[in-house]
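Report on the structure
Each chain, letter by letter, is given below.
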Amino acid sequence: MTPKTKNTAQKHAAKKKTAATIALAALAGAVAGIVFLGAAELAALLVARDASPVVAVGSFVVDVVPRWAKELAIQLFGSNDKLFLIATVGVAALVAAAVAGMLELRWRRVGVALFGVAGVAAVAAAVTRAGASPLAFAPPAVGAVAGAVVLTLAVSWLRGWRVSAGEETRGVDRRRFLVLTAAAAVGGVVAGVGARLGSAATSSIAAVRSALRLPAPASRVTVPAGAELDVEGISPLFTPNRDFYRVDTALTVPSVDPANWRLTIDGMVEKRVGLGFQDLLRMGLDEYSVTLTCVSNEVGGNLVGTARWLGVPVRDVLALARPRSGADMVLSRSVDGFTASTPLEALTAADRDAILAVGMNGEPLPLEHGFPVRMVVPGLYGYVSATKWLTSLKVTTFSADQAYWTPRGYSAKAPIKLSSRIDTPRVDRGLSAGRTKIAGVAWAQTVGIRRVEVQVDGGDWQEATLSAPVNRDTWVQWSLDWDATPGTHTLAVRATDLAGRLQEQKRTPIAPNGSTGWQQTLVRVS
């Protein structure tokens, strides 16, 4: 081999060595990130379960994310939007940790400093969460220290490598490095996953809910004959709890023990009132049938559902505190810091069944739907009324207070829009020619539905058959017989409420106070 060839080979080998070392530094950083998260989760299990850095940072992201991003996440992922966000935060943390590893190799202590910055940011996110415990700072701080130590050791091993004549003369060889980093990674994963599983296993809230027996209601919902149509593919009259949509700002489901639950009613009141869970039950429960709708529900969307709710009228609870003259809004607050602005009149009107709900479809509220107590207000979108994991009611005014979504571009008041939806047939399912049914649901809470009409291929509007209404707060089902012929057809639906108002035809976006428009769908008939 000539000197020139030998020199070229050495340079090539040096470049490969450098590239490999940088890659290993990135690996070391990622492993340190795993240790950071695992150690933090373990510390959270031991001293502050509400201070997981992933959850704390994710919750901060939920609070600051722009409106369009929130709407996009709900459209793309539905109720899985929170799982996606947690995964995204975790992946982003590992990528940032890998970058910190490479920087630490190039500039001593820079990567460690980045871990320190990440720790401070995670501490800030944890301690500023609503209801944060006094030790909320500890888990992210412990995680940052553990991650920084692992990063320092791993990168110092890489720096110790010196190669002469193809043989390692100093430091730890590559195999040992990989074994040690793999052990650290496994340890971090085991600590993190184990802590999460341990937290779930030792949480007694699910067991408390399962053991809870609610008093029998003084009155039950009367379901008239013909309230549910026998049509395949139509939404059931009452949405099963497992299928009921979930949209809220809680990245993880809050754990609230009914024994420790307290509701505070204050603000513009004659008397500040505090109630426990048993105090609420002693006021007497009744059953109500109410359809709820999310403001994020697009035309034809599925962020709407109906349930039998068990609860106490909000007006009875507010009456204990005696709201003062001049108040026009109640700011309800969740244990996770979410707030909703509800017109006082909607909560106190004698003809409106606004309730504090403790039961849903014959059982205590599911954990993800607000256990032990949530608000249910007919005729208002959830973001201004349906506060879950309720903890306080502040009687105030719209001019004095703003709720969570108002400064984020949504209206302070948001009555639900008159709407209708086609459930069957669907564009993603084949349909054979012949006699079939077009069917779906329509809703106009607090008013009721008078008529639903269907249009096929731009022809005349045909009046559909309606189910017998349970009440004016519950959706109705509708159906229309149709002789389907082969080809592609366009179906449209519109509704008219009992006040004579026709559903608005023009399409508008969900912001600032709910979408409008007649649903149209394509159907392929073979």
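Residues numbered from 1 in each chain as written. Predicted model: local features only at pLDDT ≥ 70, side-chain atom pairs only at ≥ 80, totals over all residues. Heavy atoms only, no water.

1. A look at a nonpolar patch on the surface
Keep this limit in mind: A residue counts toward a patch only above 30% relative accessible area and without a salt bridge, and it is joined to like-charged neighbours within 9 Å or, for Val, Leu, Ile, Met, Phe, Trp and Tyr, to nonpolar neighbours within 5 Å. Per-residue and other accessible areas were derived by the Shrake-Rupley procedure at a 1.4 Å probe size, with only the shown protein chains allowed to occlude residues. Any Lys or Arg side-chain nitrogen located within 4 Å of an Asp or Glu carboxyl oxygen qualifies as a salt bridge. A run of DSSP states H or I qualifies as a helix once it reaches four residues; a run of E qualifies as a strand once it reaches two. Both are numbered from the N-terminal end.
Residues Leu-42, Leu-46, Val-47, Val-127, Leu-135 and Phe-137 make up a contiguous nonpolar surface patch of roughly 530 Å² in combined accessible area. With three residues, helix α1 (residues 3-47) is the largest single contributor of residues to the nonpolar patch. Here Leu-42 shows up in helix α1.

2. Quick word on helix α6 (residues 138-159)
Just so we agree on the cut-off: Here, expected helix span is obtained from the residue count minus one, scaled by 1.5 Å. Working definition: with a 1.4 Å probe on protein chains only, accessible area under 20% of the residue-type maximum means buried, over 50% means exposed, and in between means partly exposed.
The end-to-end C-alpha separation of α6 is 32 Å, in line with the 32 Å expected for 22 residues at 1.5 Å each. For α6, the complete set of buried residues consists of Ala-138, Pro-139, Pro-140, Gly-143, Ala-144, Gly-147, Ala-148, Val-150, Leu-151, Ala-154, Val-155 and Leu-158.

3. Comments concerning the sheet that holds strand β7 (residues 329-334)
This is how it is decided: At least two DSSP bridges between two strands are required for those strands to pair. Only the stretch in contact is used when a helix axis is fitted, and all axes are lines through C-alpha atoms; the angle between N-to-C directions ranges over 0 to 180 degrees.
Reading across from one edge, β4-β3-β12-β7-β8 is the order of the five strands in this open sheet, with mixed pairing throughout. Looking at which strands have only one partner, the edges of the open sheet turn out to be β4 (273-276) and β8 (339-343). Across the sheet, the mean angle separating the axes of adjacent strands is 20° when strand polarity is ignored. When β7 meets β8, the two strands line up antiparallel, connected through five bridges. When the sheet's bridge partners are listed, Arg-333 is paired in β8 with Thr-339.

4. What to know about the pairing of strand β6 (residues 304-313)
Of all ten residues in β6, nine are buried, a share of seventy percent or more. Of the pairings in the sheet, the one linking strand β5 (residues 286-293) to β6 comprises eight bridges and is antiparallel in character. Pairing of Thr-293 across the sheet is with Val-304, part of β6.

5. Examining the pattern of salt bridges
Following the criterion strictly, the structure yields 17 salt bridges and no others. With a closest N to O distance of 2.8 Å, Arg-421 and Asp-423 form a salt bridge. Residue Arg-421 is classed as buried on the basis of its relative accessible area of 7%. In this structure, Asp-481 engages Arg-435 in a salt bridge whose closest nitrogen and oxygen atoms are separated by 3.7 Å. On the criterion of sequence distance, the pair formed by Asp-481 in strand β18 (residues 476-484) and Arg-435 in strand β14 (residues 434-443) is long-range, its members being 46 residues apart. By relative accessible area, which is 60% here, Arg-435 ends up exposed. Shared partners join several salt bridges into a network, and the residues in it are Arg-435, Lys-437, Asp-481 and Asp-483.

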